[in-house]
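# Residue-level structure breakdown
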Amino acid sequence: MAGIYIHIPFCSQACSYCDFHFSTSLKTKKDVIGSIKKELIMEKKYLKGAVIHTIYFGGGTPSLIDVQSIKSLITIIRKNFNLSTKVECTLEANPEDVTKSKIEQWWRIGVNRISLGIQSFRDDDLYYM
């Protein structure tokens, strides 16, 4: 089963337990999103027409970036890859970024699954990690 993973490397804060590449500054967001779009187009033949069953926006914290940026990436994917009619499109989100309005907007652009990033509800556990 083929899938596409998009790494959105932005976070609201640095977590000491995280080993992933990230930035707490959004000042390069436009360039990063533009580069991801270019790479999606350059690699459109990589999967040789395989049916894409999953699109996963991970990070970092994809819920930090605006809905229009996510929509533009989904649009590029739709134009350049063979998607299943039942494609699962996941967006990683931090609880503090989720609002009813954002959920509705994400749904309208094709996000149909949220991966809610809760490492712990206890500050002592987070500090220990």
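Calculation notes
- Residues numbered from 1 in each chain as written.
- Predicted model: local features only at pLDDT ≥ 70, side-chain atom pairs only at ≥ 80, totals over all residues.
- Heavy atoms only, no water.
- Salt bridge = Lys/Arg side-chain N within 4 Å of Asp/Glu carboxyl O.
- Helix = DSSP H or I, 4+ residues; strand = E, 2+ residues; numbered from the N terminus.
- Buried < 20%, exposed > 50% of the residue type's maximum accessible area, 1.4 Å probe, protein only.
- Contact = heavy atoms within 4.5 Å.
- Phe/Tyr/Trp six-rings, centres within 6.5 Å; stacked < 30°, edge-to-face > 60°.
- Axes fitted to C-alpha atoms, helices over the stretch in contact; angles between N-to-C directions.
- Parallel < 35°, antiparallel > 145°, perpendicular 65-115°, else oblique.
- Nonpolar A, V, L, I, M, F, W, Y, C, P; charged D, E, K, R; others polar.

Going through the model one piece at a time under the given rule, you end up with 2 salt bridges. Across the salt bridge formed by Asp66 and Lys29, the nearest N and O atoms sit 2.4 Å from each other. Of the two residues, Asp66 is situated in the loop between strand S2 (51–59) and helix H2 (67–80) and Lys29 in helix H1 (residues 29–42); the sequence distance between them amounts to 37 residues. Note on Asp66: relative accessible area 31%, which makes it partly exposed.

So, on to the side chain of Thr61. Looking at the element boundaries, Thr61 is found in the loop between S2 and H2. In this view, Thr61 contacts Ile8, Phe10, Cys11, Asn94 and Asp97; residues no more than four positions away in its chain are not counted.

With that settled, consider the packing of aromatic side chains. One pass over the structure, following the stated rule, counts 1 aromatic pair. Here Tyr5 and Tyr56 contribute two aromatic rings whose centre-to-centre distance is 5.9 Å and whose plane-to-plane angle is 20°, an arrangement assigned as stacked. Note that Tyr5 is positioned in strand S1 (residues 2–8) and Tyr56 in strand S2, a separation of 51 residues in sequence. With a relative accessible area of 46%, Tyr5 lands in the partly exposed category.

Here we come to the packing of H1 against H2. Between H1 and H2, whose axes approach to 10 Å, the crossing angle comes to 10°. Here H1 lies roughly parallel to H2, going by the angle between them. Between H1, through Lys29, Ile33, Ile36, Lys37, Leu40 and Ile41, and H2, the contact on the second element is made entirely by Ser69, Ser72, Leu73, Ile76, Ile77 and Asn80. Looking at side-chain class alone, the contact of H1 with H2 contains 7 nonpolar, 3 polar and 2 charged residues.

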